[in-house]
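Architecture and fold: a report
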Amino acid sequence: MNIHEFQAKQLFAQFGVPVPKGKEIKSARAAEKWAAALDTPVYVVKAQIHAGGRGKAGGVKITKNRDEVPGLAQELMGKTLVTHQTGPKGRKVRRLLIEEGAGIDKELYLSLLVDRDTGRPVFIASTEGGMEIEEVAEKTPEKVIRETIDPAVGFQAYNGRNLAFALGLPAIEKAVVNPFIQMLGNLYRLFMEKNASMVEINPLVITTEKTLIALDGKVSFDDCALFKHTDIQALRDLHEEEPMEIEAGKHNLNYVKLDGDIGCMVNGAGLAMATMDVIKLAGAEPANFLDVGGGATKETVAAGFRILLKDKKVKGIFINIFGGIVRCERIANGVIEASKEVGIKLPVVVRLQGTNAEEGRKLLLESGLKVDVATDLWEAAQKIVAMKGKKKKG
Ligand code: ADP
Ligand code: MG
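You'll find the protein entered in an unreviewed UniProt entry as Succinate--CoA ligase [ADP-forming] subunit beta, with Candidatus Nitronereus thalassa given as the organism. The Subunit (unreviewed entry) field of the UniProt record for the protein holds the comment "Heterotetramer of two alpha and two beta subunits." In its Sequence similarities (unreviewed entry) section, the UniProt record describing the protein reads: "Belongs to the succinate/malate CoA ligase beta subunit family."

Structure follows, in structure tokens:
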């Protein structure tokens, strides 16, 4: 789960990470009041959406004139902001953050995430703040500094010194070295206590007053640990999530929307990945990842169907089930019932293997539905790719 910048900053403040004073507003009318309450030499009005790149897209407005704040808020509120992270559709701005402006001397990059290679948390830092870290990693990889933390002992001051020195921080601004090390410790605490999967501050700023402050904040949480954190759950903003993914979550389905046109319904994450690969290999693109789970039932299959069909891009459906825990004839019944219920007009290919596969295939063939049945994965993938977009006969 992701949260907004203003929420990340509230969390930072709770863990002793310095942030600018600010306030979230949901209506432009509140801007005047909050600007007056802030009373600072520089005001910053920032669009709150779950995507970066707002600065370049005009989603961050800076002014020294307090009277201009309501107008800037008016301009941003309700606007659809298109950044390189939102995709061409963009995202509608429903919330703003009004905060004090910092005098920037130097922008740094700092993040903390789980390194899949070592299975440990790793800090990533760079002197190239404000830029996309992916771009820095590509063009000047030597400027990306990493410090892996041993979770058995946790963050140690020497980890902080390693990072500070590798960044050349003592030469850039000696006064911020100790606050920097302290900040790393605080971020590590936040990361572990709240089961975050990523914390990113870009830019982390050295101000003209030689202090350190987080001017942006992004935090992602491990969904599997959310049940432990009701305070974090409360930060969820459904406007920022894919409606079909929300719907899938209600049925305990693992659904991720993608850009292709072959809808797939598979049981088991590994098989779902393999299915997407084989669709690509057959020359098409998957419209989604959908894992209906090892114990899929008639009901989950029906819910899966409804979700797939809501995606107007889908031109063909590929159902790939391996009957291990689940029995294929149950899935077949689920497909038959769901097809009748939702009235599927798209080509469907069902590949069944495993427990009672024979029985399942028979049910499908005798159902009167225009469903193609296959036993072999490669054959099934080629079939659905060839059929996609074609209207069903009869
Ligand atoms: P995004 O990453 O979505 O573009 P940021 O929060 O990083 O949004 O803001 C973009 C840029 O705007 C920052 O790199 C910084 O230069 C400037 N900025 C943002 N917040 C402030 C602030 N409170 N004071 C001064 N400058 C700011
Ligand atoms: Mg940023």
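1. Details of the packing of aromatic side chains
One pair of aromatic rings is described through two measures. These are the centre distance and the angle between the planes. On inspection of all chains with the given rule, the structure shows two aromatic pairs. Residues F123 and F155 carry aromatic rings whose centres are separated by 5.8 Å and whose planes lie at 70° to one another, so their mutual orientation is edge-to-face. With F123 in strand 8 (residues 120-126) and F155 in the loop between strand 9 (145-148) and helix 5 (157-167), this residue pair connects regions lying 32 residues apart in the sequence. Here F123 falls in the buried class, since its relative accessible area comes to 0%. The exposure class assigned to F155 is buried, which follows from its relative accessible area of 17%. Geometrically, the ring pair formed by F155 and Y188 is tilted, given 6.4 Å between the ring centres and 35° between the ring planes. Here Y188 lies in helix 7 (residues 177-193) and F155 lies in the loop between strand 9 and helix 5, a separation of 33 residues in the sequence. When sorted by exposure, F155 lands in the same class as Y188, which is buried. Taken together, F123, F155 and Y188 form an aromatic cluster joined through their ring pairs.

2. Remarks on the side chain of H4
Relative to the helices and strands, H4 resides in the segment before helix 1 (5-14). On the basis of relative accessible area, H4 is assigned to the buried category, the value being 0%. Of note is the side chain of H4, whose polar atom sits 2.8 Å from the side chain of D237. Beyond its immediate chain neighbours, meaning those up to four positions away, H4 contacts Q48, I49, H50, R95, D237 and E240.

3. What to know about the coordination of the magnesium ion (ligand 2)
Coordination of the magnesium ion (ligand 2) by the protein is provided by N202 (O) and D216 (OD), with metal-donor distances spanning 2.1 to 2.2 Å. One end of the pair, N202, is in strand 10 (residues 196-207); the other, D216, is in the loop between strand 11 (212-214) and strand 12 (218-221), and 14 residues separate them in sequence. The class of N202 is buried, set by a relative accessible area of 14%. Looking at D216, the relative accessible area reads 18%, which means it is buried.

4. Here's the deal with the packing of helix 11 (residues 298-310) against helix 12 (residues 328-342)
Relative orientation and spacing of two packed helices are given, respectively, by the angle between their axes and the distance between those axes. The contact between helix 11 and helix 12 brings their axes to 8 Å, and the two run at 45°. With respect to each other, helix 11 and helix 12 are oriented oblique. For the element pair helix 11 and helix 12, the recorded crossing hand is right-handed. Touching K298, V301, A302, F305, R306 and L309 of helix 11 are R330, I331, N333, G334, V335, E337, A338, S339, E341 and V342, all from helix 12. In terms of residue class, the contact of helix 11 with helix 12 is built from eight nonpolar, three polar and five charged.

5. What about the sheet that holds strand 6 (residues 96-100)?
Within the open sheet, the four strands sit side by side as 1-6-2-3. Their pairing is antiparallel. Each edge of the open sheet is held by one strand with a lone partner, namely strand 1 (22-25) and strand 3 (60-63). Here the strands of the sheet are splayed against their neighbours by 15° on average, with no regard to which way each runs. Where strand 1 and strand 6 come together, four bridges link them in antiparallel fashion.

6. So, the site of ligand 1
With respect to spatial proximity, 18 residues lie near ligand 1, and among them K46, R54, G55, E99 and E107 are the closest. In the complex, the protein chains occlude 84% of the 540 Å² of accessible area that ligand 1 would expose alone. Among the secondary structure elements, those contributing two or more residues to the shell around ligand 1 are strand 2 (43-47), strand 3, strand 6, strand 7 (104-115) and strand 10.

7. Remarks on the domain arrangement of the protein
With domains assigned, the protein is organised as domain 1 (1-19 + 103-241), domain 2 (21-101) and domain 3 (243-387). The C-alpha-based centres of domain 1 and domain 3 are spaced at 40 Å.

8. As for the nonpolar core
Ranked by size, the top nonpolar core spans 41 residues in total, and within it F12, L110, F123, F180, L187 and F221 carry the most contacts. Listed by contribution, the elements that provide at least two residues to this core are helix 1, strand 7, strand 8, helix 5, helix 7, strand 10, strand 11 and strand 12. Broken down by element, the residue count for this core peaks at nine residues, all from helix 7. Residues within four places of L110 in sequence aside, it is in contact with F123, I124, A125, F180, M183, L184, L187, V199, E200, I201 and L204. Formed by 35 residues, the second largest nonpolar core is a distinct cluster that contains L290, A296, A302 and L346.

9. Details of helix 7
For helix 7, with 17 residues, the first-to-last C-alpha span of 25 Å sits near the 24 Å given by 1.5 Å per residue. Buried within helix 7 are the following residues: V177, F180, I181, M183, L184, G185, N186, L187, Y188, L190 and F191. At the exit of helix 7 stands N195, carrying a positive phi of roughly 50°.

10. A few points about the packing of helix 5 against helix 7
Viewed as axis vectors pointing N to C, helix 5 and helix 7 meet at an angle of 130°, and their least axial separation amounts to 9 Å. Considering their axes alone, helix 5 and helix 7 lie oblique with respect to each other. Helix 7 is crossed by helix 5, and the crossing has right-handed handedness. Two secondary-structure elements touch here, helix 5 through A157, G160, R161, L163, A164 and L167 and helix 7 through V177, F180, I181 and L184.

Rules used in this analysis
- Residues numbered from 1 in each chain as written.
- Chains lettered and ligands numbered in written order.
- Predicted model: local features only at pLDDT ≥ 70, side-chain atom pairs only at ≥ 80, totals over all residues.
- Heavy atoms only, no water.
- UniProt positions renumbered as here; feature names shortened; annotations may be inferred.
- Phe/Tyr/Trp six-rings, centres within 6.5 Å; stacked < 30°, edge-to-face > 60°.
- Helix = DSSP H or I, 4+ residues; strand = E, 2+ residues; numbered from the N terminus.
- Buried < 20%, exposed > 50% of the residue type's maximum accessible area, 1.4 Å probe, protein only.
- Polar contact = N/O pair within 3.5 Å; in protein donor to acceptor, adjacent residues only side chain to side chain.
- Contact = heavy atoms within 4.5 Å.
- Donors = N, O, S within 2.8 Å, 3.2 Å for Na, K, Ca; no water.
- Axes fitted to C-alpha atoms, helices over the stretch in contact; angles between N-to-C directions.
- Parallel < 35°, antiparallel > 145°, perpendicular 65-115°, else oblique.
- Left-handed = near helix turned anticlockwise from the far one by under 90°.
- Nonpolar A, V, L, I, M, F, W, Y, C, P; charged D, E, K, R; others polar.
- Pairing = 2+ DSSP bridges.
- Near = heavy atom within 4 Å.
- Areas by Shrake-Rupley, 256 points an atom, 1.4 Å probe, with all protein chains shown as cover.
- Domains from an automatic or database assignment.
- Core = buried A, V, L, I, M, F, W, Y, C linked by side-chain atoms within 4.5 Å.
- Expected span 1.5 Å × (residues − 1).

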